[in-house]
Structures are given as structure tokens and as C-alpha cells.
Amino acid sequence: MKLYLKPVIAATLLSLVTTPALAYKDKKSKGAPTDSARVSASMDELMNPMAPKRDAYFSIKDKISFNFDLTAAAQYSADWYYDNTAAASIRAARIYSDLSIQPNLDLHTQVYIGSTLSFNRIPNDGVIDPQFYVDELYLTYHNKTNPNMYAKFGIGYGPFGTYKDPYEVTFSLNQAFVQAQANRLELGAKYDNGLSLQLFQYQTNTIHGAQTNDPEGAQGWNQPGIVVGYDTKLFGKALKTKLSFVQNVSFFNGAGAQYSYLNFNLPVGAYDFDVSLESSLSKLSLSYYKTDGTAFGRKDSNDNFVGLPDTGRPSVISLGYSRLLNFGIKDFDVYINAEKTLHASEIKSGYGVESLASSGGSDNNYRGLGPEFSDTLSPSDAAGFPEYQLSAGLKYALNKETTFALDYTLMLAYKSQVDMDGQAIPGTDSDTYSYSYLRMSQNQITASVKYEL
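The numbers attached to residues start from 1 for each chain and follow its sequence in the written order. In keeping with the predicted nature of the model, local features appear solely for residues at pLDDT of at least 70, side-chain atom pairs appear and are counted solely at 80 or more, and the whole-chain, interface and lining totals rest on all residues. Excluding hydrogens and water, the side-chain values take into account all heavy atoms of the structure.

A word on the nonpolar core. The set of buried Ala, Val, Leu, Ile, Met, Phe, Trp, Tyr and Cys residues whose side-chain atoms join them within 4.5 Å is what this entry labels a nonpolar core. Each residue gets one of three labels from its accessible area relative to the maximum for its type: buried under 20%, exposed over 50%, partly exposed in between, using a 1.4 Å probe on protein chains only. Ranked by internal contacts, the top residues of the largest apolar core, which has 34 residues, are F177, V249, F264, Y289 and I347. Runs of E in the DSSP output that reach at least two residues are strands. Runs of H or I that reach at least four are helices, and both are numbered from the N terminus. For this core, the elements supplying multiple residues, two or more each, are β6 (149-157), α3 (173-178), β8 (195-202) and α5 (249-252). Among the elements that make up this core, the one with the highest residue count is α3 (four residues). If we ignore the near neighbours within four places in the chain, the residues touching I347 are F177, L262, N263, F264, F296, T311, G312, P314, G384 and F385. Among the nonpolar cores identified, the runner-up in size contains six residues, and A73, L117, V169 and F171 belong to it. Here, residues are in contact when the closest pair of their heavy atoms is within 4.5 Å.

Take a look at the structure:
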């Protein structure tokens, strides 16, 4: 992080430490977060679309608000190609702070500590990262004379795509592609007819840009994106649509990004389209992500990345349904989500991959999500995203602050990721596979508890 940000971060962290003590008398009142005290709920959702619920637990006269959440998870993973694993860990512990600087200007922070996913699993050693990360540090400006417009500047999760929590216990394929964290300038507006518009310009990383085919493109603030949304009513239900575009994925969340999530190293754009039909009891959703060309390539003899259109030009389609069910006096939120990727078997994220420098990543700033599959019998060699993923589960509110979730996830690898012809069948002495591939699978059962103040 740049040196000029350190004083700001230090002051912010000091406010986080002192806020609980100063605001203890306001604990019972549970004042509103700073943004929500000035704008409508729909406007607050537009300004902070990827932020978890931010109801303030502590507040001082609507000048400072504070909140905390904690997610603990236990997981069992079963794979045909190596030993099954079980793990339990703190997935994420986060502190949120909102500070009103002036009537129209607010400072927002999110500080995180937790365990990093590997191959879409929580660590089986139960070790969490001992370092704090300032995941969000940004200013928002909104004028009362133009209540439907805002400006945002700083580090945080952008409006591209649709997801609710950057620290899910198990990631969907769509979220693994669209999630991005960057230092950016963002302008947004929401109109009375249901239309919304967001424009953003994000900072790239010059050092990481050297690992792409466009190192000159990583010079400062020259990469734009746009998001257009439209909300209306259909058959008495809320119909929400959202179209996102970013000009260069390699600098957005790829190898040349400020925070690298994927191994994209070619300068192509990406689209994401989301549509949902929602009521108070159910939600039907469809998402489609696609890069505008080949996003990943390997180096040739001239040290240039040559695109792999059949394995490095990803797209993913996701179909989901959730419903609130009542069993006696208990309410359960159940869901099912089915996803398929195309041309993505060489796209990688997470740890355990081949040398990140050779595949277009960065060892020091690579914040991959998974999931991935091995291209040999050894799980240490990751071969990229699965072709299919099916998820199903339920959530149950134990009380106002605590939610229990139980999730099942099945992932199936691409045929091209496995070549078992002539290799020994695990557990036997002599028999070998007589066909060229075997569909690899990974099954996961995850139980998690999330606590929000």
C-alpha cells in the first residue's frame, strides 16, 4: 500500500478502537450507519452493492457508526483422486466503520482477518492469517440537492457483477470471475424510473502489468468500466436487471491488477449480465459472464503471451432459485444453484498453482478464490476451473444476530484436465485405465455460523 495512505489508515484504525468505548451509551439505540441516515435504502444499496449488512451497532449522534461480524465454518471435502479432508476455521472476522466528515462526505472502512480459501476449501490446518487487511477505505460524496447521485473514491469492491459477500465460505463460479478489489473513482446515479448508471475508473499496477501482454496499459488511472441497471415490476414481483462491462480484465482482477484474483494476462474486456425475479418468499436468478476474447495465454519463444482460445476464453452461466419455507414456527431459506463454464480449463485462481509468475500472477498480491482441479494424481498441480458446479443448501436464523448455514457443493472437472490412459487405478496393483480421461469430482459439505452485531 502506498506510503501516503498510512496516516489515513492509522487514523481510521484508531477510530475503530475508540468507537466502542465512546459509543457505549448509544448501544441500545442502534443508530443508523452514516450513509443510510442521508439516503434511501435503494440508494445505499447502489453505493455499497457488495458490502454485507451494515446496520450500526454503535453510533455517536450519527457521526460515527461501528459494526462487527464473524463467520466460523467446518467443512468436509471428498475427492476421488486423493485423501478426503476435514477442516474447521474462522473464515472471516470483520470490523466496519462509517465516519461523517462533513454533511455530504463520509469515510468508510472494512478491516478483515481470517483464513484464505485454497481450491475452494478452508485450510485443513485451521490456521488463519495473522495480518489485518484494510479491505475497504473509501470516501462517498452525495449532495442533498441531488439525492440520487453520488461519487466514491478509494479502495473497495467495485460494482461489476452481482454478489453479496467477498468472503463466502464456498464461492460460486460466477463470483470467482467477477469479484474485484481496486483503488477507483466511481460516479453513480439512480433515477425514479428504475434506471441506474455507474461509471468507474480504476488504478492499475505497473509492476504487475509487466506480467501481461500490455505493460504500457498499466500506467495509472486509464482503465474504465460501466454498469447499467434497471428495476421494474413483472407479475407483481420485482424484476432486477444489471449489465456490467470492464475494458481490460487483466488489469481489473487478472495478473496486471492491483489485487490479482485470476491469471488473466491478455488485454480483453468482459461482460456480466444478471437478472432476477424476486418476491418476499422466492427469488429466481440468471447470470452470464463472458470475456470479449481470449484472456489467457502462455509465453512463446519471444517471451510474448500467446492466447489459448479453447481453454483461456472463459464464460460461465449460472441459474439459481431460493425460497423461504416455513416448518411450524421455523423459517428456512433454501436454495439451489447450477453453473457451467466454457473454455475455462486453463483459468486459475487461488494457491497451489504452478509458479504464479510464469502463469501471469503475482506471488505477493495474489488473492485467489478457487475452485480448481489437479491435472495429475497430485493435488498440488492445479489445472483450472471446473466445467460444472452444483450447490444447494439452507440457512436458518438462530436469533437476530446469528445465522446457521448448511451447504453442499459438487464440482466436475473438464475432460481435458485429466489424462489417465495407462495410469494405475488408485488402490490397485496392476489394473490401469484404458480410456483417455476420467471425470474428476469434488464433493463438499460445509456448515457455517455467522454472527453479526
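After presenting the structure, the write-up continues.
All right, on to the environment of A413 then. As for its placement among the helices and strands, A413 is situated in the loop between β18 (402-412) and β19 (441-452). Taking the C-alpha atoms as reference points, A413 and Q389, separated by 24 residues in sequence, lie 9.1 Å from one another.

Attention now moves to the pattern of salt bridges. Note on definitions: salt bridges are taken to be side-chain nitrogens of Lys or Arg within 4 Å of carboxyl oxygens of Asp or Glu. This model, assessed by the stated rule, comprises nine salt bridges. Put simply, R94 and D165 hold a salt bridge, and the shortest N to O gap is 2.7 Å. Placement of R94 in strand β3 (residues 85-102) and of D165 in the loop between β6 and α3 is noted, with a sequence separation of 71 residues between them. One exposure class covers both R94 and D165, and it is buried. Here E278 makes a salt bridge to K283, at a shortest N to O gap of 3.9 Å. Here K283 falls in the partly exposed class, since its relative accessible area comes to 32%. A single salt-bridge network, built from bridges that share partners, covers D69, R94, D165 and K450.

With that out of the way, let us pick up the packing of aromatic side chains. The criterion for an aromatic pair is that two Phe, Tyr or Trp rings (for Trp, the six-membered ring) have centres within 6.5 Å, with stacked assigned to planes under 30 degrees apart, edge-to-face to planes over 60 apart and tilted to the rest. For the coordinates displayed, the defined rule picks out 11 aromatic pairs. Each ring, one from F177 and one from Y289, has its centre 5.2 Å from the other, and the planes form 25 degrees; the classification is stacked. A residue pair is termed long-range when its members are at least 10 positions apart, and F177 in helix α3 and Y289 in strand β12 (residues 282-291) qualify at 112 residues. Residue F177 shares its accessibility class with Y289, and that shared class is buried. Each ring, one from F245 and one from Y271, has its centre 5.0 Å from the other, and the planes form 45 degrees; the classification is tilted. Of the two residues, F245 is situated in strand β10 (residues 237-246) and Y271 in strand β11 (residues 270-278); the sequence distance between them amounts to 26 residues. Every member of this aromatic cluster is reached through a ring pair, and the members are F160, F177, F200, Y202, F252, F264, Y289 and F385.

Here we come to the pairing of strand β2 (residues 64-79). Judged from the 14 bridges that link them, β2 and β3 form a sheet pairing that is antiparallel. The residue bridging A74 from the neighbouring strand is A88, located in β3. When DSSP locates at least two bridges between a pair of strands, those strands are taken to pair. Here β2 runs beside β19; their pairing, made up of 11 bridges, is antiparallel. From the neighbouring strand, S77 faces β19, where its bridge partner is Q444.

Residue-level pLDDT values for the protein chain average 75, and 69% of them are 70 or greater. For the protein chain, per-element mean pLDDT is lowest for helix α6 (residues 356-359), which scores 34, and highest for β11, which scores 97. Predictor confidence is given residue by residue as pLDDT, running from a minimum of 0 to a maximum of 100. Overall, residues 1-37 carries pLDDT values under 50, and its contacts beyond four positions in sequence, including any with other chains, amount to 61 contacts. Low confidence marks residues 424-428, where pLDDT is under 50. Its contacts with residues over four positions away, or in another chain, come to eight contacts.

Here the focus is unusual backbone geometry. Within the chain, F235 stands out as a residue other than glycine whose phi angle is a positive 55 degrees. Mapped onto the secondary structure, F235 falls in the loop between β9 (223-234) and β10. What makes F235 exposed here is its relative accessible area of 74%. Even without being glycine, H343 reaches a positive phi, approximately 55 degrees.

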